[in-house]
Amino acid sequence: MTGAALLFTAPAAHAADTPLRDLAAAKGKLIGTAVTGSKLTGTYGDIAGAQFSSLTPGNAMKWGTVEPTRGSFDWTEADQIVAFAQAHHQQVRGHTLVWYSQNPSWLTNGSWTSAQLGSLLQNHISTEVGRYKGRIAAWDVVNEPFNDDGSYRSTLWYKGLGSGYIASALTWAHAADPNARLYINDYNAEGVNAKSDALYNLVKSLKARGVPIGGVGLQAHLILGQVPSTLRQNIQRFAGLGVDVAITELDVRMQLPADRTKLAQQKADFASVVAACTAVARCVNVTVWGFTDADSWVPGTFPGYGAATPYDENYRPKPAYYGIAQALG
Ligand code: 9MR
């Protein structure tokens with residue numbers, strides 16, 4: 001280990017601290033992480049099992065993963081994560097059924113009539129939700145349906161089926177597992193803005209029409225020092241519609257290299273997101289998008305940025321870990 005790493009990371013002996021999942025439970029909340037199934041052994045598995053009460057498969061349940069070839073399914077990683085969660089008394093957030101990305105090429109390259117597209121989607125949802133019926137507490141049914149200006153994103157689904165694909169997907173998912181809580185999940189909708197206004201109006205209208213919408217997921221892929229000041233107010237207004245809210249993909253990226261000042265700011269950012277959730281009864285879950293910098297999407301997508309999670313690459317808790325713990329009381 002380098003001197004710098006020693007300076008900026010907490011002592012490894014954090015095992016004596018109360019696990020985050022116990023702190024969260026005392027507040028009536030779940031604390032979750034996205035996971036990669038193949039890594040759920042050794043230290044990674046120990047931390048995932050001990051610290052978190054909710055798991056989200058980072059990629060394992062996406063359409064492109066589970067049905068890479070039409071009609072031939074691969075549930076290996078998804079099954080593995082669900083089994084791990086059951087063994088560790090954890091909830092699973094299923095992620096995700098209807099998205100514009102990470103779809104199999106047979107689907108995206110096909111040319112489908114609207115009726116064909118609708119039945120493909122219905123079958124996909126029935127098959128996947130049905131397989132895990134009773135074992136998945138919450139589903140991100142629809143992922144990222146809006147543009148930042150609040151207009152509908154022009155996706156395969158929107159172009160083929162119109163905006164009604166959202167209500168249809170929720171209805172099909174509900175039929176396949178009536179006890180799962182069904183979410184719409186999006187990013188850049190954490191604060192009060194054009195995108196979250198559109199999401200708010202959609203949820204309001206779905207509720208009014210009796211469509212089974214149970215929750216709103218605010219992803220929270222944030223930039224250091226930029227937690228929206230209206231986060232709590234935004235969570236509160238969704239709760240006021242009678243749906244649950246979850247922070248579903250929290251990370252706080254910084255320009256590398258990390259230093260003491262940045263890590264202290266990151267600690268404050270994680271704490272303020274968790275505090276915004278604990279302040280609202282219907283905010284039920286805060287999930288980080290990978291708990292270790294060794295398993296984060298950030299460096300691959302934003303060159304020069306990283307260190308976005310609460311544990312460093314060697315699985316040592318960072319100040320951000322203690323920010324979460326403090327906000328959980
Ligand atoms: O973490 C996921 C990463 O491994 C994938 O390469 C990426 C592909 O888009 O998707 C990541 O997860 C995304 C999530 O499913 C939806 N919200 C944004 C996340 C980060 O891209």
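Everything numeric here is computed off the predicted structure, so don't read it as measured data. (Residues numbered from 1 in each chain as written. Predicted model: local features only at pLDDT ≥ 70, side-chain atom pairs only at ≥ 80, totals over all residues. Heavy atoms only, no water.)

Along the chain, V98 falls in strand 3 (residues 91-98). Look at V98 and you get buried, because its relative accessible area is 1%. Ignoring any residue separated from it by four or fewer positions in sequence, one finds V98 in contact with L121, I125, V141, V142, N143, W157, Y165 and A169. (Helix = DSSP H or I, 4+ residues; strand = E, 2+ residues; numbered from the N terminus. Buried < 20%, exposed > 50% of the residue type's maximum accessible area, 1.4 Å probe, protein only. Contact = heavy atoms within 4.5 Å.)

Near the ligand, the surroundings consist of N59, K62, H95, W99, Q102, N143, E144, Q219, H221, E249, W289 and W297. One of the side-chain nitrogen or oxygen atoms of Q219 is found 3.1 Å away from a nitrogen atom of the ligand. Within the side chain of W289, one N or O atom sits 2.8 Å away from an oxygen atom of the ligand. For the shell around the ligand, the class distribution of residues is 3 nonpolar, 6 polar and 3 charged. (Near = heavy atom within 4 Å. Polar contact = N/O pair within 3.5 Å; in protein donor to acceptor, adjacent residues only side chain to side chain. Nonpolar A, V, L, I, M, F, W, Y, C, P; charged D, E, K, R; others polar.)

Turning to the state of the cysteines, a few remarks are in order. All chains considered together, the criterion is met by 1 disulfide. The side chain of C277 participates in a disulfide bridge whose partner is C283; the two sulfur atoms lie 2.1 Å from each other. Classification of the bridge connecting C277 and C283 rests on its S-S torsion, roughly -105°, and on that basis the disulfide is left-handed. Both residues of the pair, C277 and C283, count as buried. (Disulfide = S-S within 2.5 Å.)

Here the UniProt feature "active site" (unreviewed entry) sits at E249. Assignment of secondary structure puts E249 in strand 8 (residues 244-255). Judged by relative accessible area, E249 falls into the buried class, the value being 5%. (UniProt positions renumbered as here; feature names shortened; annotations may be inferred.)

As a further point, take the packing of aromatic side chains. Within the structure shown, the criterion is met by 17 aromatic pairs. An angle of 70° between the planes, with centres 6.3 Å apart, marks the rings of Y44 and Y315 as edge-to-face. Here Y44 is found in helix 3 (residues 42-51), whereas its partner Y315 is found in the loop between strand 10 (305-306) and helix 14 (319-327), with 271 residues between them in sequence. For Y44, a relative accessible area of 2% gives the class buried. Members of the aromatic cluster, connected to one another through ring pairs, are Y44, F52, F291, Y311, Y315, Y321 and Y322. Looking at R93, its charged tip hangs above the ring of Y183, at a distance of 4.4 Å from the centre. Just above the ring of F238 sits the side chain of R237; from NZ or CZ to the centre is 5.7 Å. (Phe/Tyr/Trp six-rings, centres within 6.5 Å; stacked < 30°, edge-to-face > 60°. Lys NZ or Arg CZ within 6 Å of the ring centre and 35° of its normal.)

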